[in-house]
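# Overview (structure and organization)
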Amino acid sequence: MRRLVRPLLLTALAACCGVALAASPAATQAPKGKLPRWAVPQSYQLAFKVDPAQQDFSGTTTIKVKLTKASDHLWLDGKQLKVSKVTVTDAAGKRHPATYAEVDSRAGVARLDFGHVLQPQSLTLTFQYSAPLNAQLQGLYKVTAKGKPYAMTQMEPISARFAFPGFDQPDFKTPFDISLTVPDGDTAVANTRQVRQTSAGKGWKTVTFARTVPLPTYLVAFAVGPWDITKASEIAPDAYRSKPLRLRGIAASGEAHRMSHVLGETPSIIHALENYYGFGYPFDKLDLLAAPDFAAGAMENPGLVTFRDWLLLLDKDSPARNVRGSFNVTAHELAHQWTGDTVTMAWWNDIWLNEAFATWMQQKVTEEVHPEYRADLDRVLGAQSAMRNDSLVSARKIRQPITGNGDILTAFDGITYKKGASVLGMFENYVGPKTFQKGMRAYIQKYKFSNADANDLVDAIAAAAGKGAAFKHAFNSFLNQSGVPYVQTRLEHKDGKTVLSLRQSRYLPVGSSGSTKRIWGVPVCVRYGTADGSKVSCEMLDKASGSMLLAGANQPTWVMPNANASGYYRFSLGKAGLAGLVKHVGNLSDAEKLAYADAIYAGFHRGDLDAGEVLMALQPLTRSKVREVATAPIGQVGWIYRHEARTEAQRARLVAWMKAAYLPRLQQLGYQRTPGESEDASLLRSTLAGTLAFDFKLPSVRAALLKQGEAALKRKPDGRLNLSAADPDLLADALGVAVQKQGKPAVDALIAELPKTSDPALRNGILGGLAHADTPALSEQVRDFSLSKQVKVGEMVSLLRGGRDTLAGRSAMWAWFTAHYPQVLKRTGSFAGGYLPLLAGGGGCSAGEVNRLQAFFKPRTGDAAGIDRGLAQTAESIKLCSALKAVQKPDSILAH
């Protein structure tokens, strides 16, 4: 920001006599990004009057501020607030009126004018205001469940400014005192324990909560409504926490009894986290709240963790994916209580310190508490998912510079969560788990209840490991540049020794405009064949090329260049090396088999392998007894079927491949859950049934699902649909086949049933079934329905994902989206701007689809924060798909 120097005389007069000065252009321009640090909040008192039945709420916010330079104003955040009065109380206790103005309405930045210059001192700012209960699931927002209204908060990342005026950035951590004046019949909860309740006049009460520990604004949380609360047993003290921890479940009226499962799992998660960090749970209570509507999956508010309701409301008939997802998401959010809540990133470019650590730690907790969930494989699959995005030239860095609110809102992506977690795991493997834990404990202790950045974390790990600048450089090479390292290997035999030559570059797929010239510090670990089995050797590859001696290797030997799939990189063996590895797939661990599958994917998308070679290389994986390994080929074969196969013979070959690989497995599982079967069996049934029925149209699978779908659509004596007639894990697929078979009667029945259904799992099944509508008229009806009040804001996207397998289907979706863009933007745009281009054009694979996407969105990048990045990544993905389709050889499908 450009600064102007005031004449010395005027400055002296202002300091002496409080002369009002005209604001300079620099002073009137709202700051971009961070607020200036010459006005620093010390504490907040937040008093709200909230009736969820109304459209607006009112509040009084009192902030103690330390002013560190003479000024006639300060900057803060506030959005859509109707401020009626502001009072500034100076250090001497004198009150002054002040003027509040929202200067940058898009960013939500406001200016508070004192009317004259105030010298450095402690100030108390008091704001009286009102605001609408938000309709886009941000700030303090309103939702309805079973006809009853509720109000609750979602402040992250930058939505606290919708709820109260303040300094809405993470490095301003202060204590908060919260009080809520609410209708007598409602319940109020917040981050901390309730300390008192008083009458506030006829029909009203005021609930006051204990002061919080220092928090950033984005972690402030409260909720008002006819909540149902269930108390669980207290979590027992342990070596790191001396007092029992109160644990409760909170849900919409009449629903809290369904939280017994998650409340039963929570103590084991808390103890695992305390044992790892050597630091007790740091807050005064723990409430888990099932939100009737929610933009995110869950939110780590200290003391009041909020979730989408289907993650917490479980029973014996809940889908297996909900049960497993419940544990994983709960572990993720509770891990945040240490990384994010206790130690908070200093600025949004380090959001990975919150999200990557919570993802990585959740996987450790899951492996400890539920080893059967195979979180080790989830880590590998998560990394590979991130690599697909990271292969884009437009991909974010883990530590992406923040140039505006759009960069903040689009930072919550696979790069931050999954790449970040994989990089942590890679360096944990490099220094050793115990050493890494030592560094993490030191980091938490040093920065507890304050802020930290990436350098603080890397320094702590390096110190624990006794590493210096080279280690830090290697770690930072993954944080400060985008892209996936591509390690190309070649076996050489010299003087009786086996040497693996290594060469690194950036992985780029066919059609990319990027440069491959990029260097990381890559901890490369290689498994290779020996006379007694295999060995692992590791080297730090921090130059363009290097080599590794494979001591004791067989002659000839086989090589897996990513041992245990612990590295965040892709590899190439060349066709001869790949052929050797194919013969020894059985010698690989489950994680390495996933790395092998990703190497096939990478080679295909680089144009090094054709479709026939891919089918041959992936076929051995389908025989695995491990669900994640057995299903790894499905996505790649599906791409070939949708985009490459051009003749009936080619499509028939792919259908036959899938049928041979997976139908016997599905038939063995059957189409109904059996007593005592594992969750993995239920998950595999769901994956195989959905894939074979919709992607490859196998008649026998569709017939079995149709039978269940028709039974679910039959009405019970009370007139409601008999949705429980379908297997819980197959409900959406069964209804989807019925929708495609019965047409409009099925669609009409499901649309009528949704408003009557409060069970979140059943709602998800209905939405999933409707999304399979496959005629133009029915698809249009379903999409129109997505904009109605009967569909929650957080559910809308579920109805807009279908119909993308063909150009005609995508074009119909495009026509609908562009015609209804204002309505979609109004419902979701301000918190989901970065996803709008993907919603409109995702799945595209032609130049024409790129052109129409860019022509539509380029003039609209200002409509919502993040659209520009979403446009760049969606357009690039479509271009790459089109380029790959152009170079692949469909005839190869029949050649092997």
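Whatever comes next refers back to the structure up there.
Residues numbered from 1 in each chain as written. Predicted model: local features only at pLDDT ≥ 70, side-chain atom pairs only at ≥ 80, totals over all residues. Heavy atoms only, no water.

## Looking at the layout of surface pockets
Within this model, the second largest pocket holds a volume of roughly 1000 Å³. Val143, Thr144, Lys789, Val791 and Lys792 are the residues nearest the centre of the second largest pocket, which is lined by 36 residues in total. Elements represented by at least two residues in the lining of the second largest pocket include exactly β9 (139-145) and α25 (821-832). Of all the elements, β9 adds the most residues to the lining of the second largest pocket, at 5 residues. Among the residues making up the lining of the second largest pocket, the classes are represented as 14 nonpolar, 11 polar and 11 charged. (1 Å grid on protein atoms, 1.4 Å probe; cavity = no way out; pocket = protein on both sides within 12 Å on 5 of 7 lines; lining within 4 Å. Points joined across faces, edges and corners; volume = space filled by probe spheres on them. Helix = DSSP H or I, 4+ residues; strand = E, 2+ residues; numbered from the N terminus. Nonpolar A, V, L, I, M, F, W, Y, C, P; charged D, E, K, R; others polar.)

## Remarks on the environment of Asp317
Assignment of secondary structure puts Asp317 in the loop between β20 (304-308) and α4 (320-335). Taking the relative accessible area as the measure of exposure, Asp317 reaches 44% and is therefore partly exposed. Along the backbone, Asp317 and Asp727 are 410 residues apart, and their C-alpha atoms lie at a distance of 8.6 Å. Within the structure, Asp317 has its side chain in polar contact with the side chain of Lys316 (distance 3.2 Å). (Buried < 20%, exposed > 50% of the residue type's maximum accessible area, 1.4 Å probe, protein only. Polar contact = N/O pair within 3.5 Å; in protein donor to acceptor, adjacent residues only side chain to side chain.)

## Focus on helix α9 (residues 433-447)
Helix length check: α9 (15 residues) gives 21 Å between terminal C-alpha atoms against 21 Å at 1.5 Å per residue, within 8%. Burial in α9 covers these residues: Phe436, Gln437, Gly439, Met440, Tyr443, Ile444 and Tyr447. Angularly, the buried residues of α9 cover 160° about the axis, an arc narrow enough to put them on a single face. Relative to its buried face, α9 has exposed residues pointing more than 90 degrees away, namely Lys434, Lys438 and Lys446. Where α9 is buried, its residues contact α3 (260-277), β21 (343-345), α5 (352-369), α8 (414-431), β22 (450-452) and α10 (454-465). (Expected span 1.5 Å × (residues − 1). Arc of directions from axis to C-beta. Contact = heavy atoms within 4.5 Å.)

## A word on the pairing of strand β26 (residues 533-541)
Where strand β25 (residues 522-530) meets β26, 9 bridges bridge the pair, whose relative direction is antiparallel. Opposite Val524, over in β26, you have Glu539 as the bridge partner. Linkage of β25 to β26, two consecutive antiparallel strands, is achieved through a turn of 2 residues. (Pairing = 2+ DSSP bridges.)

## Considering the packing of helix α19 (residues 699-713) against helix α20 (residues 731-742)
Between α19 and α20, the shortest axis-to-axis distance is 7 Å and the interhelical angle comes to 90°. Relative to α20, the element α19 lies roughly perpendicular. Counting all contacts with α19, which are made through Arg702, Leu705, Leu706, Gln708, Gly709, Glu710, Ala712 and Leu713, the residues of α20 involved are Leu731, Asp733, Ala734, Leu735, Val737, Ala738, Gln740, Lys741 and Gln742. Considering only residue class, the contact of α19 with α20 consists of 9 nonpolar, 4 polar and 4 charged. (Axes fitted to C-alpha atoms, helices over the stretch in contact; angles between N-to-C directions. Parallel < 35°, antiparallel > 145°, perpendicular 65-115°, else oblique.)

## Focus: the pattern of salt bridges
Note on pairing: side chains with opposite charge can pair once their charged atoms come close. On inspection of all chains with the given rule, the structure shows 42 salt bridges. A salt bridge links Asp309 to Lys792; the nearest nitrogen and oxygen atoms lie 3.6 Å apart. Here the residue Asp309 occupies a position in the loop between β20 and α4, and Lys792 occupies one in the loop between α23 (776-786) and α24 (807-819), the gap between them amounting to 483 residues. A residue is classified by how much of its surface remains accessible, and Asp309, at 11% relative accessible area, is buried. (Salt bridge = Lys/Arg side-chain N within 4 Å of Asp/Glu carboxyl O.)

## Some words on the state of the cysteines
Inspection of every chain in the model, using the stated rule, returns 2 disulfides. Between the sulfur atoms of Cys845 and its disulfide mate Cys881 the distance is 2.0 Å. The sign of the -90° torsion about the S-S bond sets the Cys845-Cys881 disulfide as left-handed. With Cys845 in the loop between α26 (836-841) and α27 (847-857) and Cys881 in helix α28 (residues 867-887), this residue pair connects regions lying 36 residues apart in the sequence. Here Cys845 and Cys881 have matching classes, each one buried. The connectivity of the disulfide bonds within the protein chain can be written as 1-2, 3-4, using the sequence rank of each bonded cysteine. (Disulfide = S-S within 2.5 Å.)

## Description of the pairing of strand β4 (residues 82-89)
For β4 and strand β8 (residues 121-132), the ladder comprises 7 bridges, and the chain directions are antiparallel. The residue of β8 that forms the bridge with Val88 is Leu125. Where β4 and strand β5 (residues 95-97) come together, 3 bridges link them in antiparallel fashion. Residue pairing for β5: Thr89 is matched across the bridge by Arg95.

## Quick word on the sheet that holds β5
Taken in spatial order, the 8 strands line up as β5-β4-β8-β2-β1-β11-β14-β13 in an open sheet, and their pairing is mixed. Two strands bound the open sheet, and with one partner strand each, they are β5 and β13 (194-199). Adjacent strand axes in the sheet meet at a mean angle of 20° when their direction is disregarded.

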